[in-house]
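What follows is the residue order along each chain.
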Amino acid sequence: MYIFVYIYIKNIKIIYSMNNKIIKTTLALLTAVYLQPIFGQTFSWVADSNPIIKHKYTADPATMVCGDTLWLFTGEDFAGNQQNIHMENWCVFSTTDMRTFTEYPVPLRADEFKWSSGIAYASQVIERNGRYYWYVSTDNTGIGVAVSDRPEGPYKDAIGKPLLTVKDCFASKKQWACIDPTVMIDDDGQAWIFWGNGECYYAKLKENMVEIDGKIRQVDFNGFVFEEAPWIHKHNGKYYLTYSSGFPERTAYAMADNIEGPWKYMGILNELAGNSSSNHQAIQEFKGKWYFFYHNGGLKGGTSCSRSVCADYLYYNPDGSLKRIIMTSEGVSQ
């Protein structure tokens, strides 16, 4: 049976002549792209290959596990032949099996930070005492923090000003040096934040998660190249600092016995991502397996400014070092 479906979206008339199965699929995608942010609906799909999100362009993945659910936070790239990266909001997704994903209404927009440039660069969310803190970078206006009582949001600016600015990046000359925050809470309960472009900085966070505690320090990389996108995690008593290196970017990593170093350079972890000059990662353990999230330009129409989030498995060697990531088209849902 064939019918016609007329849909008016943003003054564009779209006409479909199709059977019922195709209608359901198409309407689901239209809802995700256009109507979900307006009507506050969720949208679910099965991610059967990489990229895991195909109905919009997403970049700069960050992850968090709460109970039996993995939460994935990204920025949203504009589609088309963008000359520069343009991102105005962040997105949130969840999964309990790394196969079926659910997207929620837009949880946070860059203009929530009235002091900022309105740019939604890389970010990370972390939970503490039942509240969720979203650390975001806003290009040259600094790193902000938003808060919510739910991982899916909505999130609000927690302090009404930047948590960190380029003035805190004492060894940097770039105006965009204060970007790409990553946060972890160590086993002793101390929270740490790392960030930077060109140089990498770190500091303690106070218990309230919205104030820096003490002196800001710089990571000593002993001559190896740090570009941006730090991500800090811990496994079997070892600390791992992964980051983008060089340009076009690869993902490299270093290891240490202490979160303040000294850090030992361990080499390249992830090679150049297809059709994308940037390379931004998140590393997460979930239900006994380790995952490596990243972005590339692999979606149809994808570029360095219209990227897509992917996921592949991460493995450790017996000595604790990381095996090089194998980027696949199949991903982890198989």
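Residues numbered from 1 in each chain as written. Predicted model: local features only at pLDDT ≥ 70, side-chain atom pairs only at ≥ 80, totals over all residues. Heavy atoms only, no water.

S.K.: Before we go on, may I ask you to explain the packing of aromatic side chains in this structure?
M.R.: Note on aromatic pairs: each is described by the distance of the centres and the angle between the planes. Following the criterion strictly, the structure yields 25 aromatic pairs and no others. On the basis of an interplanar angle of 75° and a centroid distance of 5.3 Å, the ring pair of Phe170 and Tyr201 is categorised as edge-to-face. Of this pair, Phe170 sits in the loop between strand 12 (156-157) and strand 13 (182-185) while Tyr201 is found in strand 15 (residues 201-205), placing the two residues 31 residues apart along the sequence. Consider the rings of Tyr291 and Phe293, whose centres lie 6.5 Å apart with planes at 50°: the pair is tilted. A residue is classified by how much of its surface remains accessible, and Phe293, at 0% relative accessible area, is buried. An aromatic cluster of three or more residues is present, and its members are Phe73, Trp90, Phe113, Trp115, Trp134 and Tyr155. (Phe/Tyr/Trp six-rings, centres within 6.5 Å; stacked < 30°, edge-to-face > 60°. Helix = DSSP H or I, 4+ residues; strand = E, 2+ residues; numbered from the N terminus. Buried < 20%, exposed > 50% of the residue type's maximum accessible area, 1.4 Å probe, protein only.)

S.K.: Just checking my understanding: could you explain the sheet that holds strand 21 (residues 282-286) for this structure?
M.R.: Neighbouring strands of a sheet are bound in pairs by backbone hydrogen bonds; such pairs are parallel or else antiparallel. If you walk across this open sheet you meet the 3 strands as 21-22-23, and the pairing is antiparallel. The open sheet has two free edges, formed respectively by strand 21 and strand 23 (308-313), since each of these has just one partner strand. Here the average twist between neighbouring strands, direction ignored, is 30°. (Pairing = 2+ DSSP bridges. Axes fitted to C-alpha atoms, helices over the stretch in contact; angles between N-to-C directions.)

S.K.: Sorry, what's going on with the pairing of strand 10 (residues 131-137) here?
M.R.: Side-chain positions along a regular strand alternate between the two faces of the sheet. Within strand 10, 6 of the 7 residues are buried, which leaves the element mostly enclosed by the surrounding structure. Inspection of the sheet shows strand 9 (residues 123-128) paired to strand 10 by 6 bridges, in the antiparallel sense. If you follow Arg128 over to strand 10, its bridge partner there is Arg131. In textbook terms, the turn of a hairpin is the stretch between consecutive antiparallel strands, and for strand 9 and strand 10 this stretch comprises 2 residues, one of which, Asn129, has a positive phi near 55°. Note that strand 10 and strand 11 (residues 143-148) share 6 bridges and pair antiparallel. The residue bridging Val136 from the neighbouring strand is Gly144, located in strand 11. Where strand 10 hands over to strand 11, the hairpin turn is made up of 5 residues, of which Asp139 adopts a positive phi near 65°.

S.K.: Sorry, what's going on with the environment of Ile159 here?
M.R.: Mapped onto the fold, Ile159 is located in the loop between strand 12 and strand 13. Sequence spacing of Ile159 and Gly144 is 15 residues, and the spatial spacing of their C-alpha atoms is 8.2 Å. Contact partners of Ile159, with chain neighbours within four places excluded, come to Val145 and Val210. (Contact = heavy atoms within 4.5 Å.)

S.K.: Teacher, can you tell me more about the pairing of strand 17 (residues 228-235) here?
M.R.: Of all 8 residues that make up strand 17, 7 are buried, and the element is covered over most of its length. Bridge count between strand 17 and strand 18 (residues 238-245): 6 bridges; the pairing is antiparallel. Bridging from a neighbouring strand, Ile232 pairs with Leu241 of strand 18. Hairpin geometry of strand 17 and strand 18 is characterised by an intervening segment of 2 residues between the two adjacent antiparallel strands and by a positive phi of about 50° at Asn236.

S.K.: Would you mind going over the pattern of salt bridges with me for this structure?
M.R.: Side chains bearing opposite charge may pair, as long as their charged atoms lie close to each other. All chains considered together, the criterion is met by 13 salt bridges. One salt bridge connects Lys234 with Asp186, and the closest N-O pair in it is separated by 3.0 Å. Highlighted residues: Lys234 in strand 17 and Asp186 in the loop between strand 13 and strand 14 (191-195), separated in sequence by 48 residues. Residue Asp186 is classed as buried on the basis of its relative accessible area, which comes to 9%. It is possible to trace a salt-bridge network through shared partners that takes in Lys56, Glu76 and Glu103. (Salt bridge = Lys/Arg side-chain N within 4 Å of Asp/Glu carboxyl O.)

S.K.: Honestly, the sheet that holds strand 19 (residues 250-256) in this entry has me stumped. Any pointers?
M.R.: Strand order across the open sheet formed by 4 strands is 17-18-19-20, with antiparallel pairing between neighbours. For this open sheet the edge positions go to strand 17 and strand 20 (264-270), each flanked by a neighbour on one side alone. Ignoring strand direction, the axes of neighbouring strands in this sheet form an average angle of 25°. Both strand 19 and strand 20 contribute to a ladder of 5 bridges, which runs antiparallel. Counted as the bridge partner of Tyr253 is Gly267 from strand 20.

S.K.: Explain the nonpolar core to me, please; I cannot follow it from the model alone.
M.R.: Note on soluble globular proteins: their nonpolar side chains tend to be buried together. Counting residues in hydrophobic clusters, the biggest one holds 33 residues, and the most contacted among them are Ile52, Leu72, Met98, Leu269, Phe293 and Leu314. At the level of elements, strand 3 (43-46), strand 5 (69-77), strand 6 (87-95), strand 19, strand 21, strand 22 (289-296) and strand 23 are the ones that each hand at least two residues to this core. Looking at this core, the element that brings in the most residues is strand 22, giving 5 residues. What Phe293 contacts, discounting residues up to four positions off in sequence, is Ile52, Pro61, Thr63, Leu70, Leu72, Met98, His280, Gln281, Ala282, Gln284, Cys310 and Ala311. Core analysis: the next-biggest nonpolar cluster, separate from the first, contains 21 residues, Leu163, Val183, Ile193 and Tyr201 among them. (Core = buried A, V, L, I, M, F, W, Y, C linked by side-chain atoms within 4.5 Å.)

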